[in-house]
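Secondary and tertiary structure notes
Each chain, letter by letter, is given below.
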Amino acid sequence: MTESRRWISGWALLLAGLLFTLLATTSLAGAAIPQERDFQSLWASTGEASADRSAGILRRRGVQIEPQWLLPEASDGSGGPPALARADRLTLDLFAGERLEVRRVRVIPNRSGSVSWVGEVKGQGGKPRGDVILVARESTVVGSVRVDHRLIELRVIGQDADGRSLHAIQEVDESHPAYRESPPTAVPRESLDSAVGGAGTRSSEAGIAGTGGPDVFFHDLLVVYTPNARDGAGGTVAVESLVELGVTETNLSYERSGITHRVFLAHLQEIDYDETQGGGDLRDRLQDPNDGHMDEVHPLRDLHGADTVKLIFDTGGCGRAFIMTDVTPGFEAFAFCVTSQRCISPGYTFQHELGHLQGGRHQWGGDDTDNSPFTFNHGHLDIVNEFRTIMATNDNRCSTCTRRLYWANPEVNDPITGAPMGIPEGQPLATDNRKTLNATGPTTAGFRQSVYQIFANGFETGGLGGWDVVPSSVTDPAVGVAGPSDHSIQPAGEE
């Protein structure tokens, strides 16, 4: 594609996005949507609260998603994303009569046909209290609620006789050992030197609307999941929606923290691997291309041009990864991590393990390794204000420190307490994962040559997603398949 056409395409997409946003203030799929409306309930409670403290579940209760949010958006019966995309204000009934009022911030269309709904909870005087992020597809809604120092998740717990999803909310004790990530593994330098790197860094063709232009890098991510993870999450749609929730939260965390790249879900599928067979480490089996375990993942990675690979498993820890200690293309052979389906969100293990692949370390005191690959590549733990950033783990020094959806960055203040979320480079015990990921991003994005051209459609998504995607460097039409209903992929146009 010529530079002039790239420039024109970028402006056309941006103008189209602005037009869409303007039209969306009065209509969506032909239906008028007032800007000021009453709060509407997302679900109705269906039973008394229970607990499973041995698994880190403080409280749990069944809920039924209100049917109007699961209907296709288009009123003429032509289909479309779930009607939740139109919700402006939602009420969430939690436990013991507690009710949260949530205002929509944005809606993100996903390639599977689902939508990610991002909302905020505010207290007196408009002070931020937390986030609500939901993914809706067919009869399924999954999501995370982080408010004050509490962590609540919306999960699928089964299906009814008609195959519709049954849901529950549960409040999680994030200090419980069940929600603790394992330390990453450093790769010996000789192994990195012998590995073969990928085929070059790429950036967006025309930049991402609202993110500062063409210097934004994309990391193509391949996610595979086991049948055990599918069953544990409540079915195929449920586990794939959880993955989309993880991607949405990853890109939101990047945007908030000043990180210039974004994650693109290049492909998502189930693989034939039985977790109960035991006898080996899941991460190592995923990474090894010739051990007879999950070897089919490696051709998938090449086919879809994935820079990094993540396996979603069921139980047995929260997550594990290799860590980039030398910023080199040779690390591509070790850009593999695993995450339990129960820890994807709202514990933010999905992002945490990807952070290790990009050189991020745990907080000082949990990992005192210095200058590998930087002096500032640690997560931030603030015991006084009781919060931690994504790379900071469940530390015994502060069991009440809530993980925020932010990366350590001394130039960003915690939205709830106002405290800085990092310590600048050059100071003792520096913590700046923003700088870490921005430094390693071009290398990670170059582990594989992308098979897609990606344009931001600019709707309500800014730099978070909602991509227009076309195959670019391959001719096999099967490459365009990345999920059950890859409706947003179009044939490559004339170059």
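See the structure printed just above.
This write-up is about the structure you can find in this document. In this text the structure is predicted, and so the values were computed from the model without any measurement. (Residues numbered from 1 in each chain as written. Predicted model: local features only at pLDDT ≥ 70, side-chain atom pairs only at ≥ 80, totals over all residues. Heavy atoms only, no water.)

1. A few points about the pattern of salt bridges
Within the structure shown, the criterion is met by 30 salt bridges. Between Arg137 and Glu240 there is a salt bridge, with its nearest N and O atoms 3.1 Å apart. Linking Arg137 in strand β10 (residues 128–137) with Glu240 in helix α4 (residues 236–257), this pair joins segments that are 103 residues apart in sequence. Comparing Arg137 with Glu240 shows no difference in burial state: the two are buried. (Salt bridge = Lys/Arg side-chain N within 4 Å of Asp/Glu carboxyl O. Helix = DSSP H or I, 4+ residues; strand = E, 2+ residues; numbered from the N terminus. Buried < 20%, exposed > 50% of the residue type's maximum accessible area, 1.4 Å probe, protein only.)

2. Structural notes on helix α8 (residues 433–444)
Among the residues of α8, those classed as buried are Asn433, Arg434, Thr436, Leu437, Thr440, Gly441 and Thr444. For α8, the buried positions fall inside an angular range of 145° around the axis, keeping them on one side. Looking at the buried residues of α8, the elements they touch are β15 (218–225), α4, β17 (308–313), α7 (349–357) and β23 (409–413). (Arc of directions from axis to C-beta. Contact = heavy atoms within 4.5 Å.)

3. Focus on the nonpolar core
In terms of nonpolar packing, the biggest core is built from 44 residues, with Val223, Val243, Ile312, Phe331, Phe350, Leu354 and Trp407 touching the most fellow members. Counting residues per element, the ones that place at least two in this core are β10, β15, α3 (227–233), α4, β16 (262–270), β18 (319–323) and α7. No other element matches α4, which puts 8 residues into this core. Setting aside chain neighbours within four positions, we find Val223 in contact with Val243, Leu265, His267, Leu268, Gln269, Lys310, Ile312 and Phe350. Counting residues in each nonpolar core, the second largest holds 27 residues, with Leu42, Trp69, Leu90 and Leu94 among its members. (Core = buried A, V, L, I, M, F, W, Y, C linked by side-chain atoms within 4.5 Å.)

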